[in-house]
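Analysis of the macromolecular model
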Amino acid sequence: MSKRIPKKIKKKCYESRSIKYRCDYSSTPLKVLQARGWARVTDARDTSWDLWWCDTSELRCALDGSTKLRPNQRVAHYRNHSELTRKNYLYRNLRRYKRMLVKAGKRREAEFCDAMPTSFELPSEYLLLVEEYRRRPGSTWIVKPAAGSQGRGIFLFRRLKELGEWRSTLTKCPGDPSSLEMDPMLAPPAPLDSYVVQRYIDDPYLLEGRKFDLRIYVLVTSFQPLKVWLAREGFARLSSEQFSLERIDDNRVHLTNMSIQLKARKQFEQFRLAGGGVGGLGFDPRGEIDEELRIRFGGKLALSSLWEYLTDRHGLEIVDQLLHNIAGSS
């Protein structure tokens, strides 16, 4: 009969075991893994890793490779992640989820899905978009590539003609006169091109006059049962320009993507090096930079600082309820 290993010895063995990870490209996660002192696996044939911080293109190899994941192995993505990361799939799934909740009599939970504004997927729902557009004359709409990132390809419009002109550039075939007679939104779409059009929220909650979004990090360790760990800290991303519906062509006003704000920061550095503080625009006589000027050219704010800001203005009870709603608790 084998003897049981005392818990203290088990714990000691576990703590002495070096965690191995695989990360094949230079990135912030790689720096974090290196800082923890874990052992890096560099040979692609070595499957002794505990964590593989893989790219989405490597996910199939990680999950469906020649050897199955062992109980101690984890990867940085989950199967079918595009159901949430592609904008058109997220739109479909939220719509389906709301119907399921309503059917189950969970109307209060279904109301959370209303956080998604009126949306349509193009080109398949173009006629529905036209119908809604005519019901809401003068509204502003925003177009987003379904699989885009970093703010690329996003734009706002108010006239349906603008959307048709934009779409015609994607469907028009040079030298084919028949393509000019076809409704550009009903023409066959370019391969893999799918877009989501949403009614733009024209009265957003602003942070010192700027749009912002929340970057909140979660760790999903199980789906059945669902177990999600919410990080205590994150950050808010601010637009670099004051919000205004008079400037719908300027993405610095309407988008908070860091890639866009980084371009604004470069402009800030050029502004600073050129001595742009003359006239009271953010520099004191000693050459120090006013913090508000930094925010004007794009920036981030820690979530803890944001909660303090909101609590000062709206009270602890309202902010606590907001956090409960974000976490999905009652």
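Here the residue pair Leu122 and Pro123 is connected by a cis peptide bond, since its omega of 10° sits within 30 degrees of zero. With omega at 0°, the peptide bond leading from Gln224 into Pro225 counts as cis. On the secondary structure map, Pro225 appears in the loop between β10 (218–223) and β11 (226–230). Of note, the phi angle at Asn80 is positive, near 60°, even though the residue is not glycine. Secondary-structure assignment places Asn80 in the loop between β4 (74–75) and α4 (82–85). Unusually for a residue other than glycine, Glu208 sits at a positive phi of about 55°. Its place among the elements puts Glu208 in the loop between β8 (195–199) and β9 (212–215). Of the residues examined, Glu208 reaches a relative accessible area of 48% and is grouped as partly exposed.

This part takes up the pairing of strand β5 (residues 119–122). Alternating residues of β5 divide into Ser119 and Glu121 and Phe120 and Leu122, and every residue in both groups is buried. Pairing of β5 with β8 involves four bridges; the strand directions are antiparallel. When the bridges of β8 are listed, Glu121 appears paired with Val196.

Parameters and conventions
- Residues numbered from 1 in each chain as written.
- Predicted model: local features only at pLDDT ≥ 70, side-chain atom pairs only at ≥ 80, totals over all residues.
- Heavy atoms only, no water.
- Helix = DSSP H or I, 4+ residues; strand = E, 2+ residues; numbered from the N terminus.
- Buried < 20%, exposed > 50% of the residue type's maximum accessible area, 1.4 Å probe, protein only.
- Pairing = 2+ DSSP bridges.

By themselves, these observations are geometric and do not establish any function.
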